[in-house]
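Chain by chain, the residues:
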Amino acid sequence: MIICITISVWEEMIINSKYMDLALRIAFDNIGNTSPNPSVGAVIVKNNNVLSTGGTSEYGSDHAEVVSIKNAAEKGIDIRGAEMYVSLEPCDHHGNTPPCTEAIIKAGISKVYIPICDPNPIVCFKGTARLKNAGVDVEVLTDYSSAAGDLIRPFEKFIFHKKPFVISKSAMTLDGRIAAMSGDSKWISSVNLRYIAHRLRAKVDAVIVGKNTFLKDNPALNVRLCSFDNSVRDRFSSGDISLSGRKNFFLTGLLNFTIQSKRDPLRVIVGLPETVDPGSNVFNDNNYIIFAREKEYERYMKGGTFIPDLNIVKNTGTDPDGEIEFILTHLAGKGIMCALLEGGSALAGSFLDAGAIDQFIYIIVPMIAGNGLSPLNSRGHEKISESHHLHDITIALIDDEILYSGYSESKQG
């Protein structure tokens with residue numbers, strides 16, 4: 001009898017793993033397209049068969065649960081009595097869309113599996129309670145709480161602090177240099193790691209660089225996954241890249257899942273140069289913002305290089321930390337939930353000093369520069385004990401280069 005029970009429990013664990021993994025995978029696939037809503041995946045199952053799936057639509061449209069229910073209805077599939085696996089607790093409030101709990105109850109779903117409750121105070125535990133009160137069984141699969149939590153870190157930051165989640169990404173030599181003394185940095189990282197950078201752009205809402213990077217590199221700051229050879233793209237969808245340290249689901253997806261970009265992130269330039277070339281790559285379309293200090297703005301308006309209709313926002317911050325606060329508040333107001341810091345050691349240092357960097361992704365290459373530019377030019381500390389300590393560390397070895405990720409705050413669960 002004991003043996004039979006053990007087998008039954010083991011089989012149930014395998015089934016739950018199969019479908020919750022699929023829900024999490026769907027959620028990852030849609031990251032970058034749903035902000036400021038979290039990306040969620042839903043899977044409807046009956047008799048151990050997947051009947052329908054769905055992912056969160058663009059902001060203002062259907063959530064994952066409703067998408068999966070509608071997809072089943074369009075195919076004429078009866079989902080009454082079926083079970084649903086969702087990567088986040090269903091909502092139970094009226095926002096831009098009706099509550100997902102209502103759709104689940106009306107559809108006749110018998111049981112809902114979730115890995116974590118929604119951190120949003122207006123949702124947390126309320127969706128679960130509503131479903132249970134309506135006779136829908138709810139089971140929390142705590143073994144998947146960490147993986148689900150990795151996918152909604154930006155959403156949590158946005159909900160509790162009304163600011164975007166900021167990732168600082170940089171490629172550097174083993175002795176911590178992003179460029180030689182002359183400023184030359186081409187190419188510190190390999191084609192593999194440049195491809196990773198574009199995959200990361202596809203998963204954020206904005207890419208931020210300083211004005212010096214804008215002038216020196218004339219970056220496009222868009223997503224160009226298709227510009228890489230098939231051999232490179234195939235490698236990062238094979239599932240062969242292993243991670244050590246924290247089993248981070250977001251980074252697992254970044255390095256191993258197929259990624260398709262549906263849109264480019266907002267291009268953000270911090271600082272307004274004295275001269276602006278209207279033919280710069282950033283201005284290929286209207287999807288950009290330039291944050292200018294008041295003196296920069298006035299100088300530009302009075303100068304002889306005025307270009308009409310530039311998307312310039314006057315930064316009213318009164319000190320360096322206040323300027324970063326202004327930038328992040330403005331971006332949050334535009335629905336930017338996750339932003340990527342890509343260029344400028346001074347810019348990255350300013351964000352660090354302001355306590356505004358949530359995740360560091362450093363790519364370390366087997367080179368020794370001997371001297372040169374640091375990835376962070378900040379105020380620094382007098383003592384090592386005062387240094388910024390990172391948590392939830394994940395490391396990936398890709399050929400002879402190392403991707404190192406750490407968070408400013410630990411993720412509980």
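Refer to the structure printed above.
What comes next is a walk through the structure.

What to know about the packing of helix α2 (residues 64–74) against helix α3 (residues 100–107)
Alright, step 1. Following both chains from N to C, one finds α2 and α3 inclined at 30°, their axes separated by 8 Å at the closest point. Classified by the interaxial angle, the pair formed by α2 and α3 is roughly parallel. The interaxial crossing formed by α2 with α3 has left-handed handedness. Of α3, the residues touching α2 (which contributes E65, V66 and I69) are C100, A103, I104 and A107.
Alright, step 2. Across the contact of α2 with α3, the residue classes break down as six nonpolar, no polar and one charged.

Considering the side chain of E401
Alright, step 1. In this fold, E401 is placed in strand β15 (residues 401–407).
Alright, step 2. It turns out E401 is buried and unbridged, and the closest side chain with the opposite charge, R235, is 7.5 Å from it.
Alright, step 3. Within polar-contact distance, the side chain of E401 engages the side chain of S190 at 2.6 Å.

Description of the pattern of salt bridges
Alright, step 1. Counted according to the given criterion, the structure contains 21 salt bridges.
Alright, step 2. For the salt bridge of R246 with D150, the shortest nitrogen-to-oxygen distance reads 3.0 Å. Placement of the pair is R246 in the loop between β8 (243–245) and α10 (249–256) and D150 in helix α5 (residues 145–151), with a sequence separation of 96 residues.
Alright, step 3. Overall, R246 belongs to the buried group, its relative accessible area being 16%.
Alright, step 4. In this structure, D392 engages R153 in a salt bridge whose closest nitrogen and oxygen atoms are separated by 3.0 Å. A residue pair is termed long-range when its members are at least 10 positions apart, and D392 in strand β14 (residues 391–398) and R153 in helix α6 (residues 153–161) qualify at 239 residues.

Considering the environment of R246
Alright, step 1. A C-alpha to C-alpha distance of 9.4 Å links R246 and H391, two positions 145 residues apart in sequence.
Alright, step 2. Polar contacts involving the side chain of R246 include one to the side chain of D150, which spans 3.0 Å.

A short note on the packing of aromatic side chains
Alright, step 1. Applying the stated criterion across every chain, the model contains 12 aromatic pairs.
Alright, step 2. Relative to F236, the ring of Y195 has its centre 5.6 Å away and its plane inclined at 55°; by these criteria the two rings are tilted. Taken together, the residues Y195 in helix α7 (residues 191–201) and F236 in the loop between α9 (230–235) and β8 connect sequence positions 41 residues apart.
Alright, step 3. For Y195, a relative accessible area of 3% gives the class buried.
Alright, step 4. The class for F236 is buried, based on a relative accessible area of 0%.

A few points about the pairing of strand β5 (residues 137–140)
Alright, step 1. Note: strand β4 (residues 111–114) against β5, four bridges, orientation parallel. Paired with V112 across the two strands is V138, which belongs to β5.
Alright, step 2. Since β4 and β5 lie parallel, the crossover through helix α4 (residues 126–133) that links them has a hand, and here it is right-handed.

Description of α7
Alright, step 1. Of all 11 residues that make up α7, nine are buried, and the element is covered over most of its length.
Alright, step 2. Residues N192, L193, Y195, I196, A197, H198, R199, L200 and R201 constitute the buried set of α7.

With respect to the sheet that holds β15
Hydrogen bonds between backbone groups are what pair the strands of a sheet, and the pairing can be parallel or antiparallel.
Alright, step 1. The sheet built from 10 strands is open, its strands ordered β8-β14-β15-β13-β6-β12-β7-β9-β10-β11 with mixed pairing. Only two strands of the sheet have a single partner each, and these edge strands are β8 and β11 (312–315). Within this sheet the neighbouring strands show an average axis-to-axis angle of 25°, counted without direction.
Alright, step 2. Relative to strand β13 (residues 359–365), strand β6 (residues 165–173) is paired through seven bridges, and the arrangement is parallel. Bridge assignment links K169 to a residue of β13, and that residue is I361.

Brief notes about α4
Alright, step 1. Within α4, burial applies to G127, T128 and L131. Down the axis of α4, the sector holding all buried residues measures 100°, keeping them to one side.
Alright, step 2. The secondary structure elements touched by the buried residues of α4 are α3, β4 and β5.
Alright, step 3. Looking at the residues trailing α4, positive phi occurs at G135, about 90°.

Here is what the cut-offs are and how they apply
Residues numbered from 1 in each chain as written. Predicted model: local features only at pLDDT ≥ 70, side-chain atom pairs only at ≥ 80, totals over all residues. Heavy atoms only, no water. Axes fitted to C-alpha atoms, helices over the stretch in contact; angles between N-to-C directions. Helix = DSSP H or I, 4+ residues; strand = E, 2+ residues; numbered from the N terminus. Parallel < 35°, antiparallel > 145°, perpendicular 65-115°, else oblique. Left-handed = near helix turned anticlockwise from the far one by under 90°. Contact = heavy atoms within 4.5 Å. Nonpolar A, V, L, I, M, F, W, Y, C, P; charged D, E, K, R; others polar. Buried < 20%, exposed > 50% of the residue type's maximum accessible area, 1.4 Å probe, protein only. Lys, Arg positive; Asp, Glu negative; His and termini not counted. Salt bridge = Lys/Arg side-chain N within 4 Å of Asp/Glu carboxyl O. Polar contact = N/O pair within 3.5 Å; in protein donor to acceptor, adjacent residues only side chain to side chain. Phe/Tyr/Trp six-rings, centres within 6.5 Å; stacked < 30°, edge-to-face > 60°. Pairing = 2+ DSSP bridges. Right-handed = clockwise from strand over helix to strand, strands pointing away. Arc of directions from axis to C-beta.

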